[in-house]
Amino acid sequence: ETFGGINMTVRRNAFGRQVDSFESQLDFAGQQLHAVFIRAPWVEELGSDVEIISTVTAPSGEEHAVAVRQKHLMATSFHPELTHDLAVHRYFFDEVCK
């Protein structure tokens, strides 16, 4: 059920339970980024006005969007606050908030 944010549908806990949490290297807006996924969702469907910023390959080999943007809103499936890399925060301020 939607609450009116980004035009997308996600699958909750898509990568599994907390014991299935993992870390991965991602291409995030053209930069390499270390990402931490904990009970993470992935994007199932996107509206035409939603931009994919980053994807990850699931164990099944399927690629899923894990960072998206729609105008002044941004969402990630991973936890950028759990690393020392500020690339996601910089992107938010430089690109989304401008």
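Look up a bit, the structure's there.
Within any chain, residue numbers begin from 1 and follow the written order of that chain's sequence. Totals for whole chains, interfaces and linings use every residue, but because this is a predicted model, local features are given only for residues with pLDDT of at least 70 and side-chain atom pairs only at 80 or more, for both listing and counting. With hydrogens and water stripped out, all remaining heavy atoms of the structure feed into the side-chain values.

Focus on the overall build of the protein
Phase 1: When helices and strands are tallied, the protein shows one helix and seven strands.
Phase 2: Secondary structure follows DSSP: runs of H or I at least 4 residues long count as helices, runs of E at least 2 residues long count as strands, and numbering of each begins at the N terminus. Secondary structure elements of the protein, listed N to C terminal, follow the sequence β-β-β-β-β-β-β-α.
Phase 3: Here the globule rule is a power law, 2.2 Å times the number of residues to the power 0.38, and the radius of gyration is based on C-alpha atoms. Relative to the globule expectation of 13 Å for 98 residues, the C-alpha radius of gyration of the protein, 13 Å, shows essentially globular dimensions.
Phase 4: Taking all 98 residues of the protein together, the buried fraction comes to 36%.
Phase 5: Residues are treated as being in contact if the distance between any of their heavy atoms lies within 4.5 Å. Across the protein, contacts joining residues at least 24 apart in sequence account for 51% of those joining residues at least 6 apart.
Phase 6: Total accessible area on the protein is roughly 6500 Å²; 48% of this is exposed by carbon and sulfur atoms.
Phase 7: Once the 8 positive and 14 negative side-chain charges of the protein are each reduced to a mean point, those two points are 5 Å apart. A simple rule labels every residue: compare its accessible area, found with a 1.4 Å probe on the protein chains alone, to the largest value its type can have, and call it buried under 20%, exposed over 50%, or partly exposed in between. Values of accessible area rely on a 1.4 Å probe in the Shrake-Rupley scheme; residue burial ignores everything except the protein chains shown. Here the positive residues are Lys and Arg and the negative ones are Asp and Glu; neither His nor the chain ends is included. Here the site of a charge means NZ on Lys, CZ on Arg, CG on Asp, or CD on Glu.

Here we look at the environment of Tyr-91
Phase 1: Of note, Tyr-91 is situated in helix 1 (residues 87–96).
Phase 2: Given a relative accessible area of 12%, Tyr-91 falls into the buried group.
Phase 3: For the pair formed by Tyr-91 and His-34, sequence separation is 57 residues and the distance between their alpha carbons is 15 Å.
Phase 4: Beyond its immediate stretch of four places on either side in the chain, Tyr-91 contacts Phe-28, Ala-29, Glu-51, Ile-53, Arg-69, Met-74 and Val-96.

Some points on the nonpolar core
Phase 1: In these notes, a set of buried Ala, Val, Leu, Ile, Met, Phe, Trp, Tyr and Cys residues joined through side-chain atoms within 4.5 Å is what counts as a nonpolar core. Judged by nonpolar contacts, the single largest core of 15 residues is most densely connected at Leu-26, Phe-28, Leu-33, Phe-37, Val-66 and Phe-78.
Phase 2: At the level of elements, strand 2 (22–28), strand 3 (31–37), strand 5 (51–57), strand 6 (63–70) and helix 1 are the ones that each hand at least two residues to this core.
Phase 3: At four residues, helix 1 tops the list of elements feeding residues into this core.
Phase 4: When neighbours within four sequence positions are excluded, Leu-26 is seen to be in contact with Gln-31, Gln-32, Leu-33, Ala-35, Phe-37, Ser-54, Thr-55, Val-56, Val-66 and Phe-78.
Phase 5: Ile-6, Val-50, Ala-65 and Val-68 belong to the second largest nonpolar core, which has five residues in total.

Brief notes about the packing of aromatic side chains
A ring pair, where both rings are aromatic, is described by two values, the distance of the centres and the angle of the planes.
Phase 1: Aromatic rings from Phe, Tyr and Trp, with only the six-membered ring used for Trp, were paired whenever their centres fell within 6.5 Å, and each pair was classed as stacked if the ring planes differed by under 30 degrees, edge-to-face if by over 60, and tilted otherwise. Inspection of every chain in the model, using the stated rule, returns four aromatic pairs.
Phase 2: Between Phe-28 and Tyr-91, the aromatic rings sit 5.4 Å apart at their centres with planes inclined by 80°, giving edge-to-face as the arrangement. With Phe-28 in strand 2 and Tyr-91 in helix 1, this pair connects stretches of sequence that are 63 residues apart. Like Tyr-91, Phe-28 is buried.
Phase 3: An aromatic cluster of three or more residues is present, and its members are Phe-28, Phe-37, Phe-78 and Tyr-91.

Geometric descriptors of this kind do not, in isolation, establish any biological role.
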